[in-house]
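Breakdown of the fold
One letter stands for each residue in the lines below.
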Amino acid sequence: MIREQFRILHFDLGAGKGRIEQIDGRNQAAGGSGLAALLYSRFGLADQPWNADGQPLIFAIGPLTGYFPLMSKTVCSFKSGYHNQYTESHAGGRTAFALRFADLDALVIVGKARRLSSLFIGARHLEIRDVEFMRGTEADTAGKLLRRMFGEGSGHRSILRIGPAGEIGSAMAAINVDSYRHFGRLGGGALMGAKNLKGIIIHGDGDFPLPAGSAYAKVFKEVYSQATSTDMMRKYYNLGTAGNLQGLNDLASLPWNNLQKTCDPAITGITGEAFADATLLRNGACSGCPVGCVHIGYIREKTLKDNRYHYHQVAYDYEPIFAAGTMLGVTRPFDVLRILDVMEKVCLDAMSAGVALAWATEASEQGLISEKETVVRLRFGDSDAYQQAAGFLGRGENDFYRLLGQGTLRAAEVHGGAEFACVLGQEMAGYATGELFFAAQTLGFRHSHLDTAAYSYDQKNAERDVTKAVDFLIADEPGRTFLTSMVACLFARSVYTDSRLAECLSAVGYETLAGSIPETAEHIRRLRWRMRLATGFNPSALTIPKRFYQVKTWKGVIDREYLDALKLEYGKRILALAGPDQETAGES
Amino acid sequence: MKQLTAPRMDQCIGCHSCSLACARMIHQRLSWNCAGIRIHSAGGLSTGFMAVLCLACDPAPCAQACPTGALTQRAGGGVIVRKKLCIQCGQCVASCPVEAISQNREGEIFVCIHCGRCVEFCPQDCLEMQEIAVPAGVLR
């Protein structure tokens, strides 16, 4: 529904009651990332711990969600248990459309349920149900049970749930979205667990009139054509992001064996082609996305005597393959999928878990920890051991795994080995591309490779110009922030230029937003950073472990001086962003 | 007359582009439900997708159930819809054996009229307008 105010559902799990609120700020916050930050500024408890009962768990969509192709993602924001600061995580699936057709711009969940519960939401439905019987269930089992409990709306609903990792409060706990997508990073699943919230079912059972006039149909047709009838999106639906494995390895930028190396001839067994040829079962799409980049592979397990098998479907992408594959020295696609399958079930963020287990492997090799801690002997390449270890990490098998689940550096504080912990703000993404990416992930808003295109800059620029590089980061962020406020899939960033976004916004009636994209993007960027700073962000407190200074890429060994200068300068520039907007500077 | 068919649903990726196109172009709605073709998952996303749409019955039980003539038999199967005649009683919805007719909260009904405009929006080539011939020897 096109409207100037945001329509949000605020639900208090403790009281078991919700209320609809109309909130101003469309032309300043837009939606998605901007709306999430606005809502945290209103409902968040910046000075209280991440798991305080009153902390909000926020899901926000954008003004174009549902109206245009690839406007298919949802922003989840919360105070993270990983660093006790404000953050966002983004996911596709059906959540965005389900929220749109439930007639909500955002869902804000506060309080703590007395017992494990699930929340059922629709355009005409609001209910919380006791699901204490689901305690400890894995994400796939929880999904099946929730589907049975809420029988309506097959295909038109989104089912979010957590697994054991969320219930034990792991800072690596993901929120599973519709089986194959995730709010993965920085522990959103732990906040659901802290709230005794096992699942959220959103039924998109409403509908709306189309915008008046002919402009909408015209712009839609152009965007749809661009997204489907050119080669622009082929890389995403063909091999998918897994197609990048070979290229990153060729550039000596793919982390292997806890980043002990950045390329390996064994890549041939684990390329995007290898995954597609051997394991790809089918493709899927987020609602409203005709590209269909979701790649779902399979694993087949022989569980009984004779020819008794069962199979599981496991989604894969570049990042999970890096984390459960090359980072662990695992080089067979089915072995990677088996590890990912366990991570899915316990509902861990695959990137964080893989990097943590890679550290644990090297710590084991160096004698800092033993099987007393890891239970199973960890060796690079031993996929059976990693399957077990992933389960231990997700279920919090012992004190060691519970500590590791709070972050690799937390475990290193106790056991040593911080110098080879591959942590850049959080466990690294799969890009050992060079100095700018290391600095950018360390300080980036989400500590995500998608905060900026630093990894791309590294691959194209050999020069070491601090000002130019940091200028690039600062200039790159607002556009991405505006896209994640719409909320577009970032794969569509070449489709949704500022001028195209202006056309889209204008066509559905958001004329003011359409005419102020650069200013709004900058305002949202600053709003997000202010939330982050209000919850404790301090760039100088974040360090880059020694291992990253030893990396060798196509440009040679990392330049320590350049990396330190980038981090220092980027930190300064971020802190400057927390100052008042130009348009509000004179008001106080 | 040709009918909309979904012969290659095993290729469906669940993007809902067909439903959205129908709602947008035929019914002037933003919806994945107010459409003549709707995509459901067949027991969770792991088991693929199914298209719920009019199978072009002849005679059509929904047309027979309609008390006002809003739905009338379409030559070759399916129905012709005259929305102005619809009193939103929902009897057509109940009479459809494959749940192909949906009704929104305002009572408006949505059923495929076999226009085929959704076909070009399927990125996976799942849909096709086909002339349905009854095989020789089949008793009717």
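What counts and what doesn't
Residues numbered from 1 in each chain as written. Chains lettered and ligands numbered in written order. Predicted model: local features only at pLDDT ≥ 70, side-chain atom pairs only at ≥ 80, totals over all residues. Helix = DSSP H or I, 4+ residues; strand = E, 2+ residues; numbered from the N terminus. Rg over C-alpha atoms; globule rule 2.2 N^0.38 Å. Buried ≥ 20, exposed ≤ 12 C-beta atoms within 10 Å, placed from the backbone. Contact = placed C-beta atoms within 7 Å. pLDDT = per-residue confidence, 0-100. Pairing = 2+ DSSP bridges. Axes fitted to C-alpha atoms, helices over the stretch in contact; angles between N-to-C directions. Core = buried A, V, L, I, M, F, W, Y, C linked by C-beta atoms within 7 Å. Parallel < 35°, antiparallel > 145°, perpendicular 65-115°, else oblique. Left-handed = near helix turned anticlockwise from the far one by under 90°. Nonpolar A, V, L, I, M, F, W, Y, C, P; charged D, E, K, R; others polar.

What follows covers the overall build of chain B. What chain B contains, in helices and strands, is 3 helices and 9 strands. Ordered by position from N to C terminus, the α and β elements of chain B give β-α-β-β-β-α-β-β-α-β-β-β. Here the C-alpha radius of gyration of chain B, 15 Å, is about what a compact globule of 140 residues would show, namely 14 Å. In terms of overall dimensions, chain B has C-alpha extents of about 45 × 40 × 25 Å along its principal axes. Of all 140 residues assigned to chain B, the portion counted as buried reaches 44%. Sequence-distant contacts in chain B: of pairs separated by 6 or more residues, those separated by 24 or more amount to 54%.

So, about the overall build of chain A. Along its length, chain A carries 25 helices and 20 strands. The C-alpha atoms of chain A give a radius of gyration of 23 Å, which matches the 25 Å a tight globule of 588 residues would have. Seen through its C-alpha atoms, chain A measures out along the principal axes to roughly 65 × 60 × 50 Å. Sequence separation of 24 or more characterises 69% of the internal contacts of chain A that already satisfy a separation of 6 or more.

Predicted coordinates in areas of low pLDDT are best not read in detail. Overall, the predicted model of chain B reaches an average pLDDT of 93, with 92% of residues at or above 70. Model confidence for the complex is summarised by a pTM of 0.96, with the ipTM given as 0.91.

This paragraph deals with the sheet that holds strand 15 (residues 294-302) of chain A. By definition, the strands of a sheet pair up through backbone hydrogen bonds, in either a parallel or an antiparallel sense. Residues and elements named next belong to chain A. Spatial ordering of the open sheet is given by 14-15-16, a layout of 3 strands whose pairing is antiparallel. Since the sheet does not close on itself, it has two edges, and those belong to strand 14 (280-284) and strand 16 (309-316), each with one partner. Direction aside, neighbouring strands of the sheet carry axes that sit 30 degrees apart on average. Helix 12 (residues 333-346) contacts strand 15 and strand 16 of the sheet and is inclined by roughly 85 degrees relative to strand 16.

Next up on the list: the nonpolar core. Residues and elements named next belong to chain A. Counting 245 residues, the largest nonpolar core has I58, A106, L348, L357 and A390 as its most contacted members. When residues of this core are assigned to their parent elements, the largest contribution, 10 residues, is made by helix 13 (residues 350-365). The contacts of A390, once residues within four sequence positions are left out, are I339, V342, M343, V346, L348, A353 and L357.

All names here are of chain A. On the basis of which strands lie adjacent, the open sheet formed by 6 strands has the order 2-1-6-3-4-5 and mixed pairing. In this open sheet, the two edge strands, each paired with only one partner strand, are strand 2 (17-23) and strand 5 (86-91). With strand direction ignored, the average angle separating the axes of adjacent strands in the sheet is 20 degrees. Where strand 1 (residues 6-12) lies against strand 6 (residues 106-110), 5 bridges are found, and the strand directions are parallel. When the bridges of strand 6 are listed, L9 appears paired with L107.

The next subject is unusual backbone geometry. Each neighbour pair has its own omega, and for M486 of chain A with V487 of chain A the value is 5 degrees, a cis peptide bond. Following the sequence through the fold, V487 of chain A ends up in the loop between helix 20 (466-486) and helix 21 (498-508). Between D58 of chain B and P59 of chain B the backbone carries a cis peptide bond, its omega angle lying at 5 degrees. Looking at the secondary structure, you find P59 of chain B in the loop between strand 4 (49-53) and helix 2 (61-65). Backbone geometry places H114 of chain B, a non-glycine residue, at a positive phi of 60 degrees. The topology assignment puts H114 of chain B in the loop between strand 8 (109-110) and strand 9 (128-131).

The side chains of a regular strand alternate, residue by residue, between the two faces of the sheet. Residues and elements named next belong to chain B. Across the 5 residues that make up strand 4, a large majority, 4, are buried. Bridge analysis of strand 3 (residues 37-41) against strand 4 gives 5 bridges, and the strand direction is antiparallel. Looking at the pairing, I39 lines up with A51 of strand 4.

All names here are of chain A. Two numbers describe how helix 13 lies on helix 15 (residues 383-395): the axes approach to 11 Å, and their chain directions differ by 115 degrees. Here helix 13 is positioned roughly perpendicular relative to helix 15, judged by the angle of their axes. The element helix 13 and its partner helix 15 pack so that their crossing is right-handed. Listed contacts from helix 15 to A353, A356 and L357 of helix 13 are Y386, A389, A390 and L393.

All right, on to helix 1 (residues 17-25) of chain B then. Residues and elements named next belong to chain B. The buried fraction of helix 1 amounts to 8 of the 9 residues, a majority that puts the element mostly inside the structure. Residues of helix 1 that are buried: S17, C18, S19, L20, A21, C22, A23 and R24. Summarising the contacts, the buried residues of helix 1 are in contact with strand 2 (29-30) and strand 3.

Let us now look at the environment of A100 of chain B. Residue and element names in this part refer to chain B. Inspection of the secondary structure assignment puts A100 in the loop between helix 3 (91-95) and strand 7 (102-103). Between the alpha carbons of A100 and C112 there is a distance of 7.9 Å; along the sequence they are 12 residues apart. Once residues within four sequence positions are removed from consideration, A100 is found in contact with V52, L53, C54, L55, V111 and C112.

Contact with chain A, which involves 30 residues of that partner, is made by 23 residues of chain B. When contributions to the side of chain A that touches chain B are tallied by element, the ones reaching two or more residues are helix 3 (95-101), helix 4 (139-149), strand 13 (208-209) and strand 14 of chain A. Broken down by element, the side of chain A that touches chain B gets its largest block of residues, 3 residues, from helix 4 of chain A. Among the residues forming the side of chain A that touches chain B, the class breakdown is 10 nonpolar, 14 polar and 6 charged. Where strand 13 of chain A and strand 2 of chain B come together, 2 bridges link them in antiparallel fashion. When the sheet's bridge partners are listed, F208 of chain A is paired in strand 2 of chain B with L30 of chain B.

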